[in-house]
Amino acid sequence: MSRALLLDLGGSSLKAGIYELDGRCLAIERVPNAFIEGGIDRVEQDPEVWWEALQTAAERLDRNIPGGLTGVEAVSICGFTRTQVFLDAQDSVVRPAITFRDSRAQGIVEDRLLQPQIQNHPLARHLNAFHPLARLLWLKHREEASWKQTRVVVEPKDYLNFKLTGSLASDTISQFWLSSAMEGGSNGLAALTGLDKDVLPLILRPHEVVGTVLASSPGALSKIAGAPVFCGSNDTWTAAAGIGALKASRGYCISGSSEVFGIISDRKAEAAGLVTVPWGDDIWQLGGPGLNGANVLTWMVNTLMPDERPFEDRLSILLSQQSGLPLLFHPYLHGERTPLWDRDIRACFMGLMAAHKPGDLVRGTMEGISFVNRMVLERGEAAAALSAQEIRLAGGGARNAYWNQIRADILKKPVMVWNTEEVGLSGCLAVARVGLSLTQTIADATEGISAVFSRYEPRPAESRVYDDLYAIFQDTLEPVRHASHRLALLSRSSHFQHD
């Protein structure tokens, strides 16, 4: 049976799998990946680490399955987005990539938005510290030498495609915001902010071929020389494709180290705080990436019970220790992107009493993240004039049935959980199937891959209780934001800086 090499580059690890084209997984390998952090707003990664991880994963796969990489006739890669890789005229890396968690560009953004011609631009409402244009402006004004060297800016998965094929390209979805900013000539957002050169590579659709694997590829990768490498897209779109969410009136949630939530509409619509991006022929995504998801739950469990027992065991023990008393949690440990776009908002428990138990804090964490999901859902539904029929859920945060039921009760929608962790690889397979002309569309490609879902129905009584708690959550959002900003100013003051 023909095979595909599928790769999902995440912020914390690279996952690589060999799949048969009908969907059967033969093997998966994981190679750790780490951020380079400095201060509270600098978060980078070295692109060469990703390439080394890909080689390591390929070697392991080649050793650990019968036939190794022999028979691989396609490569498809997805990767985390809102991350800029800077390449010079020789296609060498100029500096470490600026990643999705980096917020150093906030000052540049605030300065530009003081200018009336930029304030009034229709795309200006999307300009924030996490926008790719903001990162380019930061580089131009803070690292002038690096900016002068930069010829092209690509996404993480584009860099891996380049290392495999020697060809540079990106996709329409991952580069939507930068492409939009560069349109319009002298009246475009990029030109108005002072960006003085076009740094976009060739733009393709996800299922189009970037090139073929080079014969000079190192180690086991040389065994797949000549195999087509498809352009692919970012991890969110690919994971949504992997769980069959790319159909109008479906919602999706990818709950990983960050939470990504949205709905799919058959028409373009705009909502405050939401990202609207064309995700295919006649479908639009309304929603976007957060910064707080399963990572917050992990932090809470590790803080309350910091021992060596498996995470799921500790989580179960903590959840058994509940008082039943209500507790409200605003979950912004890392600031927040969608729908608040506020790097300085902070987490906050409300209503905490001596009678509360550790499990209440864990439950409150699950509820608080789900309330942010509901904010996105309600704004997206109102803007698109539709009602999501179901929410398709995947990622590490989908492994806990207790939390899955909480989501269903808070969102008041059926929650469908894909019973595999590697939905990104499933989405990569869908891209490969379309690219190889085995099916016509990404949605059809996903339907052609066998899938098992667990379904969680909302419970009316519990939903009514959550309606009351959610109303308090909304009412307290602005006071939390106001207090957070004051605390952020204090944290940056000299009194609170450590040597």
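Our structure's up above, just so we're on the same page.
Residues numbered from 1 in each chain as written. Predicted model: local features only at pLDDT ≥ 70, side-chain atom pairs only at ≥ 80, totals over all residues. Heavy atoms only, no water.

1. With respect to the packing of aromatic side chains
If you walk through the whole model with that rule in mind, you get 13 aromatic pairs. Between W50 and F80 the ring centres are 5.7 Å apart and the planes differ by 90 degrees, which places this aromatic pair in the edge-to-face class. Residue W50 is located in helix α1 (residues 47–64), and its partner F80 is located in the loop between β6 (72–79) and β7 (85–87); the two are separated by 30 residues in the primary sequence. Classification of W50 as buried rests on a relative accessible area of 0%. Taken together, a centroid distance of 6.4 Å and an interplanar angle of 15 degrees make the contact between Y470 and F473 stacked. Remark: F473 and Y470 occur in helix α16 (residues 460–491); sequence separation between them is 3 residues, near one turn of the helix. Each member of the pair Y470 and F473 is classed as buried. Ring-pair connections join several aromatic residues into one group, and the members of that group are F35, W50, F80 and F100. (Phe/Tyr/Trp six-rings, centres within 6.5 Å; stacked < 30°, edge-to-face > 60°. Helix = DSSP H or I, 4+ residues; strand = E, 2+ residues; numbered from the N terminus. Buried < 20%, exposed > 50% of the residue type's maximum accessible area, 1.4 Å probe, protein only.)

2. Thoughts on the environment of K357
The residue K357 is located in the loop between β19 (348–350) and α12 (358–384) in this model. Taking the relative accessible area as the measure of exposure, K357 reaches 41% and is therefore partly exposed. Between the alpha carbons of K357 and L318 there is a distance of 8.7 Å; along the sequence they are 39 residues apart. Here K357 is in contact with Q321, Q322 and S323, once residues within four sequence places are set aside. (Contact = heavy atoms within 4.5 Å.)

3. Topic: the nonpolar core
Counting 38 residues, the largest nonpolar core has L5, L14, L54, V75 and I224 as the members making the most contacts within it. Mapped onto this core, the elements with two or more residues apiece are β1 (3–9), β2 (13–20), β3 (25–32), α1, β6, β7, β9 (152–154) and α6 (156–165). Counting residues per element, this core draws most heavily on α1, at 7 residues. Among all residues touching V75, those that are not within four sequence positions of it are L5, L7, L164, V213, I224, P228, V229 and F230. L21, A239, A240 and V434 belong to the second-largest nonpolar core, a separate cluster that totals 37 residues. (Core = buried A, V, L, I, M, F, W, Y, C linked by side-chain atoms within 4.5 Å.)

4. Digging into unusual backbone geometry
The omega angle of the peptide bond from T338 to P339 is 0 degrees, so this bond is cis rather than trans. Tracing the sequence through the fold places P339 in the loop between β18 (328–330) and β19. With a phi angle near 50 degrees, R82 is a residue other than glycine that sits in the positive phi range. Relative to the elements of secondary structure, R82 occurs in the loop between β6 and β7. In this structure, S249 takes a positive phi of about 75 degrees despite not being glycine. Positionally, S249 belongs in the loop between α9 (235–242) and β14 (250–255).

5. So, the sheet that holds strand β17 (residues 283–289)
Strand order across the open sheet formed by 7 strands is β16-β17-β15-β14-β20-β21-β22, with mixed pairing between neighbours. Of all strands in the sheet, those with a lone pairing partner are β16 (275–280) and β22 (453–456), marking the two edges. Ignoring which end each strand starts from, the neighbouring axes of this sheet average 25 degrees apart. Sheet topology note: the β14/strand β20 (residues 390–394) ladder contains 5 bridges and is parallel. (Pairing = 2+ DSSP bridges. Axes fitted to C-alpha atoms, helices over the stretch in contact; angles between N-to-C directions.)

6. A word on the pairing of β1
Most of β1 is tucked away, with 7 of its 7 residues classed as buried. Across the two faces of β1 the burial is the same, with R3, L5, L7 and L9 and A4, L6 and D8 all buried. The pairing of β1 with β6 spans 6 bridges and is parallel. Bridge assignment links L6 to a residue of β6, and that residue is S76. Direction of pairing for β1 relative to β2: antiparallel, over a ladder of 7 bridges. If you follow D8 over to β2, its bridge partner there is K15. Here β1 hands over to β2 after 3 residues, the two strands then running antiparallel side by side.

7. Remarks on the sheet that holds strand β4 (residues 36–38)
Sheet architecture is open: 3 strands sit in the order β4-β5-β8, paired in antiparallel fashion. Only two strands of the sheet have a single neighbouring strand rather than two, namely β4 and β8 (97–98). Inspection of the sheet shows strand β5 (residues 42–45) paired to β8 by 2 bridges, in the antiparallel sense. Looking across to β8, one finds that E44 is bridged to I98.

8. Thoughts on the packing of helix α13 (residues 401–411) against α16
Contact geometry of α13 with α16 gives a least axis separation of 8 Å together with a crossing angle of 70 degrees. When the interaxial angle is binned, α13 and α16 end up roughly perpendicular. Of the residues in α16, those touching α13 at I406, D409 and I410 are E462, S463 and Y466. When its residues are assigned to classes, the contact of α13 with α16 shows 3 nonpolar, 1 polar and 2 charged. (Parallel < 35°, antiparallel > 145°, perpendicular 65-115°, else oblique. Nonpolar A, V, L, I, M, F, W, Y, C, P; charged D, E, K, R; others polar.)

On their own, these measurements won't tell you what the molecule is for.
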